[in-house]
Amino acid sequence: MGMRDQLSRLFGGSDKEVSGTEEVRQIPVNLIEPNRFQPRTVFDDERIDELSQTIRTHGIIQPIVVRKNGSAYELIAGERRWRAAIKIGMTTIPAIVRELNDTHAASIALIENLQRENLTAIEEAVAYQQLIELHGLTQESLAQRLGKAQSTVANKLRLLNLPQEVQDALLSREITERHARALLTLSSTELQLKVLAEIIEKQWNVKQTENRIEQLLEKSKPTPQPRKVSLARDVRLAVNTIRQSLDMIHKTGLSVVTEEEDHEEYYQFVIRVPKNK
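Nothing here was measured: the structure is a model prediction, and the numbers come from that model.

Conventions used here
- Residues numbered from 1 in each chain as written.
- Predicted model: local features only at pLDDT ≥ 70, side-chain atom pairs only at ≥ 80, totals over all residues.
- Heavy atoms only, no water.
- Core = buried A, V, L, I, M, F, W, Y, C linked by side-chain atoms within 4.5 Å.
- Buried < 20%, exposed > 50% of the residue type's maximum accessible area, 1.4 Å probe, protein only.
- Helix = DSSP H or I, 4+ residues; strand = E, 2+ residues; numbered from the N terminus.
- Domains from an automatic or database assignment.
- Contact = heavy atoms within 4.5 Å.
- Pairing = 2+ DSSP bridges.
- Patch = residues over 30% accessible without salt bridge, like charges linked within 9 Å, V, L, I, M, F, W, Y side chains within 5 Å.
- Areas by Shrake-Rupley, 256 points an atom, 1.4 Å probe, with all protein chains shown as cover.
- Salt bridge = Lys/Arg side-chain N within 4 Å of Asp/Glu carboxyl O.
- Lys, Arg positive; Asp, Glu negative; His and termini not counted.
- Charge placed at Lys NZ, Arg CZ, Asp CG, Glu CD.
- Phe/Tyr/Trp six-rings, centres within 6.5 Å; stacked < 30°, edge-to-face > 60°.
- Lys NZ or Arg CZ within 6 Å of the ring centre and 35° of its normal.
- Axes fitted to C-alpha atoms, helices over the stretch in contact; angles between N-to-C directions.
- Left-handed = near helix turned anticlockwise from the far one by under 90°.
- Nonpolar A, V, L, I, M, F, W, Y, C, P; charged D, E, K, R; others polar.
- Parallel < 35°, antiparallel > 145°, perpendicular 65-115°, else oblique.

1. Points about the nonpolar core
- Judged by nonpolar contacts, the single largest core of 20 residues is most densely connected at Leu159, Leu162, Ile175, Leu183 and Val195.
- For this core, the secondary-structure elements that each account for two or more residues are α5 (121-135), α8 (164-171), α9 (177-183), α10 (189-202) and α11 (206-219).
- The element that contributes the greatest number of residues to this core is α8, accounting for 4 residues.
- The residue makeup of this core includes at least three contributed by each of domain 2 (117-161) and domain 3 (163-221).
- Contacts of Ile175, omitting those with residues within four sequence positions, involve Val166, Ala169, Leu170, Ala180, Leu196, Ile199 and Ile200.

2. Some points on the pairing of strand β7 (residues 267-272)
- Of the strand pairs in this sheet, strand β6 (residues 257-262) and β7 are connected by 6 bridges, and their pairing is antiparallel. When the bridges of β7 are listed, Val257 appears paired with Arg272.
- Hairpin connection from β6 to β7: 4 residues lie between these consecutive antiparallel strands.

3. A short note on a negative patch on the surface
- A surface patch of like charges, here negative, comprises Asp44, Asp45, Glu46 and Glu50.
- By the secondary structure assignment, Asp45 is in helix α2 (residues 45-58).

4. Considering the packing of aromatic side chains
- Inspection of every chain in the model, using the stated rule, returns 1 aromatic pair.
- Look at Tyr267 and Phe269: their rings are 5.7 Å apart centre to centre, the planes differ by 65°, and that puts the pair in the edge-to-face class. The burial state of Tyr267 is the same as that of Phe269; both residues are buried.
- Over the aromatic face of Tyr73 sits the side chain of Lys68, whose NZ or CZ is 4.5 Å from the ring centroid.

5. With respect to the sheet that holds strand β1 (residues 24-28)
- In space, the 5 strands of this open sheet follow the order β1-β5-β3-β4-β2, with mixed pairing throughout. Strands with a single pairing partner mark the edges of an open sheet, and in this sheet they are β1 and β2 (32-33).
- Inspection of the sheet shows β2 paired to strand β4 (residues 72-77) by 2 bridges, in the parallel sense. For Glu33, the partnering residue across the bridge sits in β4 and is Glu74.
- Sitting on the sheet, helix α3 (residues 79-87) touches β2, β3 (64-69), β4 and β5 (92-97), and the angle it makes with β4 is about 125°.

6. Structural notes on the side chain of Ser52
- With respect to the helices and strands, the residue Ser52 is situated in helix α2.
- Look at Ser52 and you get buried, because its relative accessible area is 2%.

7. A word on unusual backbone geometry
- The phi dihedral of Arg173 is positive, around 60°, even though this residue is not glycine.
- Relative to the assigned elements, Arg173 resides in the loop between α8 and α9.
- Unlike most non-glycine residues, Gln203 shows phi in positive territory, near 55°.
- Its place among the elements puts Gln203 in the loop between α10 and α11.
- In this structure Gln203 comes out as exposed when scored by relative accessible area, which is 64%.

8. Quick word on the packing of helix α6 (residues 139-146) against helix α7 (residues 150-158)
- Across the interface, α6 lies against α7 with an axial gap of 8 Å and an inter-helix angle of 120°. For α6 against α7, the interelement crossing comes out right-handed. Residues Gln139, Glu140, Leu142 and Ala143 of α6 lie in contact with α7, whose contacting residues are Gln150, Val153, Ala154 and Leu157.
- Partitioned by chemical class, the residues of the contact of α6 with α7 number 5 nonpolar, 2 polar and 1 charged.

9. Some words on the pattern of salt bridges
- For the structure on display, the rule yields 8 salt bridges.
- Arg83 is paired through a salt bridge with Glu79; the nearest N and O atoms lie 3.1 Å apart. Placement of the pair is Arg83 and Glu79 together in helix α3, with a separation of 4 residues, close to one helical turn.
- For Arg83, a relative accessible area of 33% translates into the label partly exposed.

10. Topic: a nonpolar patch on the surface
- On the surface, a nonpolar cluster with roughly 230 Å² of combined accessible area is contributed by Ile242, Ile271 and Val273.
- Relative to the elements of secondary structure, Ile271 occurs in strand β7.

11. Re the packing of α5 against α6
- α6 packs onto α5 with a crossing angle of 110° between their chain directions and a minimal axis gap of 10 Å. In this view, α5 runs roughly perpendicular relative to α6, as classed from their interaxial angle. Counted together, Tyr128, Leu131, Ile132 and His135 of α5 and Gln139, Leu142, Arg145 and Leu146 of α6 form the full contact between these two elements.
- Tallied by class, residues from the contact of α5 with α6 come to 5 nonpolar, 2 polar and 1 charged.

Have a look at this one:
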């Protein structure tokens, strides 16, 4: 049993490879719609071109998988093959029609894509989030089903908390996942976008980005405010009386040195009265 087959079974069904018993039909490309749960939102034109050339030479070796959707068909697996076929002007494409419910169809599409190389971190995060929602999973149970560490799944999902502009930069590979994870340490969207612009403009590596973020975090630390003394009424009366007495002494021209300290259990005055003027 292949890895994808195992995963499909774990998500409630079996994505069997094309078997001899399944009928391969030629379906018009314009009757096929992309899958709603396709996590891959950026299709590399160059890669599609390469695939188009292969198809032109060898034809489509592995049929795509679709399911009936009214008078049209919804793609379950093989979106790159379908796009490449359209690109070279094919009017029909070999396909296998499967009967699948929404959850199973979505799971197969998501898993098919998670098995691919070159999926960006954000596309992976979206796929994880959709699998969690489809199957009512926790992060932990999703990680178990995918055979990944829970921290890996959690780190990917945290990327979805970033502003859309940062997610788009991840999608277009202007920044790496490690850049994006560093930006998560900044609490304000404004700062995240400021640093994003700097990373792209100055072509910073991850270390330079982390140094810049540290600098911003240092700057935004609140300066410690002197603690406001909250005293009970009778203590406040005593403290004010002492202060007034000291003022009276100052008025006589005696330069009395005083220090006030607020301790947890008591309030302390240290008063130095010089013997010589």
